[in-house]
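# Fold and contact review
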Amino acid sequence: MNEALMRAALTAAERGWHVFPLRPNTKRPALHGEMACPRTGPCAGGHRKWEVRATTDPDRIRAAWAHAPFNVGIATGPSGLLVVDLDVPKDNGSTDAPGGAATFRALCERTGQPVPRTRTVRTASGGQHLYFTAPAAVRLHNTAGTLAPLVDTRAWGGYVVAAGSTINGTPYEQEGPALLRPLPDWLKTLLVPPHPVNRPPVAAPASGRRPYVDAALAKETAAVATAREGQRNATLLRAGRALGRFVASGDLPRTEVEDALQGAGESAGLSAAECRATLRSALDWSITHNQTSTQEAA
């Protein structure tokens, strides 16, 4: 088993893909996290995450996989990859719910594009990973549901489980064409965040605005900007909901809240697409609920 997985890791590395070990029979990285970092060896100068430690060095790969039957993780960003993840519905009882493959086909139809044919790996859950070479001119990050329901993407900050790995005894297997194709222009257009110069201008604070409104905006923006890894999206969601009540009451323009929290989220390490999706959800929810509360109170 070790040898087969080692070969899978070496094969990926021969393609120039940066690999790192995942815990046997799982998707979880086998490398230590920041809280458990010994600050020795590769981390002597500070904690190094899996994305930085992923490698194409065959000697390092052989040494790592000699210890255990690790699954193989491919760090998509350093590997120059963008992988479209077509997931399956998590609720097995909902057999009529469309999966990621169906919603992605619908997206292709709406945009008048054929479903791309490229290197494809069937996942252990029955989904698909579509591999593309990432565009060199832009640094793309992960997205979750931005393109369509149950359609995620993995780029910088993300990884995928390589073919040859197994989850609960079910393998990840290559299927269909082996040829790796560039990310289609139409998909790149949907994934590239708008340039900051194209954003609506931030409205200047209203004259005489109550001080606690500005204090709340500053507090929530700072909380998002300084959020720790693993808490960033949740912090952004809470901040959007907290400030949404001021949007509902007319004390803050929505564009001002969006621009402040978008910038804070991106500076904390979230992708632009993740920030936009989370903010849209948080503000829509908060405005709706606070408007309801205001109408009931009236």
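Predicted model, so just to flag it, every value in this text is computed and none were measured.

## So, the overall build of the protein chain
Looking only at helices and strands, the protein chain has nine helices and twelve strands in total. Every one of the 298 residues in the protein chain was classed for burial, and the buried ones make up 39%. Put simply, the protein chain shows about 15,500 Å² of open surface, and 53% of that area lies on carbon and sulfur atoms.

## Here's the deal with the environment of threonine 123
By secondary structure assignment, the location of threonine 123 is in the loop between strand E4 (120-122) and strand E5 (128-133). Overall, the relative accessible area of 6% leaves threonine 123 in the buried class. It is 9.3 Å that separates the C-alpha atoms of threonine 123 and leucine 86, two residues lying 37 residues apart in sequence. The contact partners of threonine 123, leaving out residues within four places of it in the chain, are Gln128, His129, Pro171 and Tyr172. A distance of 2.9 Å separates a polar atom in the side chain of threonine 123 from the backbone nitrogen of glycine 127.

## Notes on the confidence of the model for the protein chain
Considering every residue of the protein chain, the mean pLDDT works out to 86; 89% of them sit at 70 or more. Predicted confidence for residues 195-207 stays below pLDDT 50, and this span has eleven contacts to residues more than four positions away or in other chains.

## Some words on the side chain of aspartate 251
Along the chain, the position of aspartate 251 falls in the loop between helix H7 (232-249) and helix H8 (254-268). Among the polar contacts listed, one links the side chain of aspartate 251 to the side chain of serine 249, at a separation of 2.6 Å.

## Quick notes on the sheet that holds strand E2 (residues 71-75)
A sheet is described by the order of its strands in space; here three strands give the open sequence E1-E2-E8, paired in antiparallel fashion. Only two strands of the sheet have a single neighbouring strand rather than two, namely strand E1 (19-22) and strand E8 (159-161). Across the sheet, the mean angle from the axis of one strand to that of its neighbour is 35 degrees, orientation sign disregarded. Note that E1 and E2 share four bridges and pair antiparallel. Directly across from phenylalanine 20, in E2, lies its bridge partner glycine 73. Most of the contacts of helix H1 (residues 2-14) go to E2, to which it runs at about 15 degrees, and overall it touches E1 and E2. Lying on the sheet, helix H3 (residues 58-65) is in contact with E1 and E2; it crosses E1 at an angle near 5 degrees.

Each value, and the rule that gives it
Numbers given for residues are sequential positions, taken from 1 along each chain in its written order. In keeping with the predicted nature of the model, local features appear solely for residues at pLDDT of at least 70, side-chain atom pairs appear and are counted solely at 80 or more, and the whole-chain, interface and lining totals rest on all residues. Working from all heavy atoms in the structure, the side-chain values ignore hydrogens and water. What counts as a helix is a DSSP run of H or I of at least four residues, what counts as a strand is a run of E of at least two, and both are numbered from the N terminus. With a 1.4 Å probe rolled over the protein chains alone, any residue whose accessible area is under 20% of its type maximum counts as buried; one over 50% counts as exposed, and the rest are partly exposed. All accessible-area figures derive from a Shrake-Rupley calculation using a 1.4 Å probe, and residue coverage is judged against the displayed protein chains alone. Residue contacts are counted whenever heavy atoms from the two residues lie within 4.5 Å of one another. In protein, a polar contact means a hydrogen-donor-capable atom and an acceptor-capable atom, both N or O and within 3.5 Å, with residues adjacent in sequence counting only if both atoms are side-chain atoms; elsewhere, any N or O pair within 3.5 Å suffices. Summary of the metric used: pLDDT quantifies the predictor's per-residue confidence within the range 0 to 100. Two strands pair under a simple rule: DSSP has to find at least two bridges between them. To obtain an axis, a line is fitted to C-alpha atoms, over the contacting stretch when the element is a helix, and the angle between two such axes runs from 0 to 180 degrees between their N-to-C directions.

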